[in-house]
Every structure is written in C-alpha cells, then in structure tokens.
Amino acid sequence: MNLLRPWGLLAALCLSGGALATPGTPQSLEALVQASDRVVLARVKGSHVRVPQGNVRQMTTVSQLDVLEEYQGKGPRALEVVQLGGRSGLWESRLVGDATLTEGETALFFLRCPDPQVVTRCGLVGLGAGKSPVMAGENGQRQVQLSAQVKGGPASRPLSEVIEEIRRAASPPASQTRGKR
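Described below are features of the structure shown in this document.

### A few points about the overall build of the protein
Each helix and strand counted, the protein has three helices and 10 strands in total. Ordered by position from the N terminus, the helices and strands of the protein form the series α-α-β-β-β-β-β-β-β-β-β-β-α. Counting across all 181 residues of the protein, residues that qualify as buried make up 39%. Taking contacts inside the protein between residues at least 6 apart in sequence as the whole, the part at least 24 apart equals 58%. For the protein, the computed accessible surface area is about 10500 Å², with 52% contributed by carbon and sulfur atoms.

### Comments concerning the side chain of Thr106
Its place among the elements puts Thr106 in strand S6 (residues 106-112). Within the structure, the side chain of Thr106 is placed 3.5 Å from the side chain of Arg43, a separation counted as a polar contact. Ignoring sequence-local partners within four residues, the contact set of Thr106 consists of Leu41, Ala42, Arg43, Leu68, Pro133 and Val134.

### Re the environment of His48
Mapped onto the secondary structure, His48 falls in strand S1 (residues 38-50). Since its relative accessible area comes to 31%, His48 is described here as partly exposed. On a C-alpha basis, the gap between His48 and Ser88 in space is 9.8 Å, while along the polypeptide they are 40 residues apart. With residues up to four places along the chain from it excluded, the contact list for His48 reads Thr60, Thr61, Val62 and Gln64. Within the local environment of His48, its side chain forms a polar contact with the side chain of Arg50, the two groups lying 3.4 Å apart.

### Side note on the pattern of salt bridges
Here the structure, examined in full by the defined rule, presents seven salt bridges. Notably, a salt bridge pairs Glu80 with Arg121, separated by 2.8 Å at the nearest N-O pair. With Glu80 in strand S3 (residues 78-84) and Arg121 in strand S7 (residues 121-124), the pair connects residues that are 41 residues apart, well separated along the chain. You can call Arg121 buried: its relative accessible area is 18%.

### Comments concerning the nonpolar core
In this structure, Tyr71, Leu108, Phe110, Val144, Leu159 and Ile166 are the most contacted members of the largest nonpolar core, which totals 19 residues. Considering each element in turn, this core owes the most residues, five residues, to helix H3 (residues 159-170).

### Focus on the state of the cysteines
Applying the stated criterion across every chain, the model contains one disulfide. Two residues share a disulfide in this structure: Cys113 and Cys122, whose sulfurs sit 1.9 Å from each other. An S-S torsion of about 90° defines the bridge between Cys113 and Cys122 as right-handed. A residue is classified by how much of its surface remains accessible, and Cys113, at 14% relative accessible area, is buried.

### Let's talk about the pairing of S1
In terms of strand pairing, S1 meets S6 through six bridges, oriented antiparallel. Among the inter-strand pairings, Leu41 is bridged to a residue of S6, identified as Leu108. Here S1 pairs with strand S2 (residues 60-72) via 11 bridges, running antiparallel. Note that in S2 the partner of Arg50 across the bridge is Thr60.

### Some details on the environment of Leu41
For Leu41, the location among the structural elements is in strand S1. Residue Leu41 is classed as buried on the basis of its relative accessible area of 0%. When the C-alpha atoms of Leu41 and Leu68 are compared, they prove to be 5.5 Å apart, with 27 residues separating the residues in sequence. Excluding residues that lie within four positions of it along the chain, Leu41 makes contacts with Asp66, Val67, Leu68, Glu69, Tyr71, Thr106, Ala107, Leu108, Val134, Arg142 and Leu159.

Cut-offs used in this document
Residues numbered from 1 in each chain as written. Predicted model: local features only at pLDDT ≥ 70, side-chain atom pairs only at ≥ 80, totals over all residues. Heavy atoms only, no water. Helix = DSSP H or I, 4+ residues; strand = E, 2+ residues; numbered from the N terminus. Buried < 20%, exposed > 50% of the residue type's maximum accessible area, 1.4 Å probe, protein only. Contact = heavy atoms within 4.5 Å. Areas by Shrake-Rupley, 256 points an atom, 1.4 Å probe, with all protein chains shown as cover. Polar contact = N/O pair within 3.5 Å; in protein donor to acceptor, adjacent residues only side chain to side chain. Salt bridge = Lys/Arg side-chain N within 4 Å of Asp/Glu carboxyl O. Core = buried A, V, L, I, M, F, W, Y, C linked by side-chain atoms within 4.5 Å. Disulfide = S-S within 2.5 Å. Pairing = 2+ DSSP bridges.

This is how it looks when you write it as structure tokens:
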C-alpha cells in the first residue's frame, strides 16, 4: 500500500489540471487561478530527479520552492513541485509543454496540491502555463513574463497588474440574498 501512495499522488498531480494540461490551447489567467489551490511568488531553491527502483520510465523531477508571497491559498513557506520526467544518466524524458524550473529563478506559480495529507507537495496547473518568470523591469517595477499557453501571452506585464487580476479571479462572488415569493 505504501508503494502505491506516491503513484496515486503523482496521478492526481497529473490529472488535476485535466483540461488545463493540454498544450496548444491558451488558458485565461482567470481559469488558471480557479484551477489552483495556491498561487504564489516563489524562488526555486533546487531540484533533483527521483528514479524509483532504477526504473527510468517512472522518473519524476522534484523542485524545492521558497514561497515569497501568497496571492491565493495558504500553506507552508517551503514547497515541492513534482513533475513527470527528468534526466538520469543517459535517459531524459519531458512532457511536451511542461515548464522547466531553474535554480535561483523567481516566478509566479499556479499550483494544485491534491493530497491534504501532504500539503507541501504540489503540481503545476496547466504544465508550462503554471509558471511565469518574474524579472526586474523598468523603474524597479517587477514584470511577469506570461507563457504562450496563457491568453495574451507571451507578454510581459507588471506584477502588480497580474496580482490584481489574480485577486479578482480568486475572490468569491458577492453573496446574494433571496427574495420572498
């Protein structure tokens, strides 16, 4: 049973973005936010490849993130992002359209954390659309480089603008009172 748990988690991470995991179909920022458990600004600390029992067909890459700011959802400041594939020796496999996480980079991450028992382990929503690099722009204002997998991307937009759009998409609709008939 313990051996099946990681595979169940991995399957949940892969399937959680279902419609959003299709490369080639740009998703709106609102759709990404609504499919996410957490939206965070984070720095990639590092990553390593896991090869269960030496079987390269089951490779996963696990990247460690330090959360700098949270825009949706709450949770620990240290996270792991699990992605299918990786590089081990002569073997390499990657999902088409998936993001590459590089040590030291800062990005906006749209995350799905499907297992409530392991809230520190998440997957990217929409593969490559789930990561948007953040860089210093003009006048010291941070810029988000939206992926081509996000409607309107690839485009560089001020982080403050994108955060406002995320907060609007994440906020629940205003409650309505029902009238008497």
